[in-house]
Amino acid sequence: AQSVTQLDSQVPVFEEAPVELRCNYSSSVSVYLFWYVQYPNQGLQLLLKYLSGSTLVKGINGFEAEFNKSQTSFHLRKPSVHISDTAEYFCAVSGDFGNEKLTFGTGTRLTIIP
Amino acid sequence: DAGVTQSPTHLIKTRGQHVTLRCSPISGHKSVSWYQQVLGQGPQFIFQYYEKEERGRGNFPDRFSARQFPNYSSELNVNALLLGDSALYLCASRPDPSTDTQYFGPGTRLTVL
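No experiment lies behind these values; they were computed from the predicted model shown. (Residues numbered from 1 in each chain as written. Chains lettered and ligands numbered in written order. Predicted model: local features only at pLDDT ≥ 70, side-chain atom pairs only at ≥ 80, totals over all residues. Heavy atoms only, no water.)

Asks: Sorry, what's going on with the overall build of chain B here?
Replies: For chain B, the helix and strand inventory stands at 0 helices and 11 strands. A compact globule built from 113 residues would reach a C-alpha radius of gyration of about 13 Å, and chain B, at 13 Å, matches this within 12%. Across its three principal axes, chain B shows a C-alpha extent of roughly 35 × 25 × 25 Å. Counting every position in chain B, which comprises 113 residues, the buried fraction comes to 50%. Long-range pairs, those at least 24 residues apart, make up 54% of the contacts in chain B between residues at least 6 apart in sequence. Within the structure as shown, chain B displays about 5300 Å² of accessible surface, and the carbon and sulfur contribution to it stands at 49%. (Helix = DSSP H or I, 4+ residues; strand = E, 2+ residues; numbered from the N terminus. Rg over C-alpha atoms; globule rule 2.2 N^0.38 Å. Buried < 20%, exposed > 50% of the residue type's maximum accessible area, 1.4 Å probe, protein only. Contact = heavy atoms within 4.5 Å. Areas by Shrake-Rupley, 256 points an atom, 1.4 Å probe, with all protein chains shown as cover.)

Take a look at the structure:
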């Protein structure tokens, strides 16, 4: 079984400051990791994904994440946030494809303070 | 290109009623998945269909059912609605199950009174 823990339910950050959203996972098999963003009253948009290879993954809108197998973490970072980054962020894990269930964390609400 | 579309956008039902939600995948995508997102929670997997066959089912009661049509669109049906079924229902599509990225639609907001 797989699970995802997002340690912070809400993260307030001043505009242009850096941010890190934390995600830890557990799985008994190889995993594929994702970060999705959900803007108010919208569906989910893929920010970035880790499948294999380099542990530092770059995504859209200036976000990046680092896969750390020993710490079972996949934290999301951005060096300078903008008002438009205000949204809910979800970390998700999937097993080998063919088994396509995505298991999501409970989400982190990022609020940007002007 | 059009993304994943879902209808209706919003829906209000009363307890005990039945509801049908619809999803049209991105053109060329043959795999569709359904997720339930209760307010304040992450999405939870309900079903996955590929080539009209059920390929996976989450931990949901038999009141939940789905099907996929020859044009790869899909319906999610929920019978005997409960207050706890109030949620955002998300549909996601991908070309086939071996593709890593799922593309999500805007969802249908279901309110059960």
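Read on for the rest.
Asks: Whenever I open this one, the overall build of chain A confuses me. Can you help?
Replies: If you tally the helices and strands in chain A, you get 0 helices and 12 strands. Secondary structure of chain A in N-to-C order comes out as β-β-β-β-β-β-β-β-β-β-β-β. A compact globule built from 114 residues would reach a C-alpha radius of gyration of about 13 Å, and chain A, at 14 Å, matches this within 12%. The C-alpha extent of chain A, read off along each of the three principal axes, is 40 × 30 × 20 Å. Residues classed as buried in chain A amount to 46% of the 114 residues present. Across chain A, contacts joining residues at least 24 apart in sequence account for 56% of those joining residues at least 6 apart. Accessible area of chain A: about 5400 Å², with a carbon and sulfur share of 50%.

Asks: Sorry if this is basic, but what is going on with the state of the cysteines here?
Replies: One covalent bond between the sulfur atoms of two cysteine residues makes up a disulfide. Residue and element names in this part refer to chain A. Enumeration according to the criterion identifies 2 disulfides over all chains in this entry. The disulfide partner of C23 is C91, and the gap between their sulfur atoms is 2.0 Å. Between C23 and C91 the sulfur-sulfur dihedral comes to about -65 degrees; the bridge is accordingly left-handed. You can see C23 sitting in the loop between β3 (19-21) and β4 (24-26) and its partner C91 sitting in strand β10 (residues 87-94), a full 68 residues away along the chain. Residues C23 and C91 agree in their burial class; the two are buried. (Disulfide = S-S within 2.5 Å.)

Asks: Sorry, what's going on with the pairing of strand β7 (residues 64-68) of chain B here?
Replies: Two faces, one strand: in a regular strand the side chains alternate between the faces of the sheet. Residues and elements named next belong to chain B. Going residue by residue along β7, you find F64, A66 and Q68 tucked away on one face and S65 and R67 left uncovered on the opposite face. Bridge analysis of β7 against strand β8 (residues 74-78) gives 5 bridges, and the strand direction is antiparallel. Residue pairing across strands places A66 opposite L76, the latter belonging to β8. Count of turn residues in the β7/β8 antiparallel hairpin: 5 residues, of which Y72 carries a positive phi of about 75 degrees. (Pairing = 2+ DSSP bridges.)

Asks: Sorry if this is basic, but what is going on with the packing of aromatic side chains here?
Replies: Given two aromatic rings, one states the distance between the centres and the angle between the planes to describe the pair. Residues and elements named next belong to chain A. Using the criterion set out here, one finds 13 aromatic pairs over all chains in the structure. Relative to F104, the ring of Y36 lies with its centre 5.9 Å away and its plane at 55 degrees, an arrangement referred to as tilted. Within this pair, whereas Y36 is found in strand β5 (residues 32-38), its partner F104 is found in strand β11 (residues 102-104), the two being separated by 68 residues in sequence. Here Y36 and F104 have matching classes, each one buried. (Phe/Tyr/Trp six-rings, centres within 6.5 Å; stacked < 30°, edge-to-face > 60°.)

Asks: What's the story with the sheet that holds β8(B) in this structure? I'm lost.
Replies: In any sheet, the strands associate via hydrogen bonds between backbone groups, in a parallel or an antiparallel arrangement. Residue and element names in this part refer to chain B. Spatially, β1-β3-β8-β7 is the arrangement adopted by the 4 strands of the open sheet, whose pairing is antiparallel. Each edge of the open sheet carries a strand with a single partner, namely β1 (5-7) and β7. When the angles between neighbouring strand axes are averaged without regard to direction, this sheet yields 15 degrees. By the bridge criterion, 3 bridges tie β1 to strand β3 (residues 19-24) in an arrangement that is antiparallel. Considered in β3, the bridge of T5 is made with S24. (Axes fitted to C-alpha atoms, helices over the stretch in contact; angles between N-to-C directions.)

Asks: How do you make sense of the interface of chain A and chain B when you look at a structure like this?
Replies: Interface extent is often summarised as the accessible area lost during association of the parts. In this complex, chain A contributes 18 residues to the contact, which on the side of chain B involves 21 residues. Together chain A and chain B conceal approximately 1600 Å² of surface at their shared face, both sides included; 55% is due to carbon and sulfur atoms. Applying the counting rule to chain A against chain B returns 0 salt bridges. At the boundary of chain A with chain B, the tally comes to 4 residue pairs in polar contact (both at pLDDT 80 or more). Taken together, the residues of the side of chain A that touches chain B sort by class into 9 nonpolar, 6 polar and 3 charged. (Buried area = accessible area lost by both parts, 1.4 Å probe. Salt bridge = Lys/Arg side-chain N within 4 Å of Asp/Glu carboxyl O. Polar contact = N/O pair within 3.5 Å; in protein donor to acceptor, adjacent residues only side chain to side chain. Nonpolar A, V, L, I, M, F, W, Y, C, P; charged D, E, K, R; others polar.)

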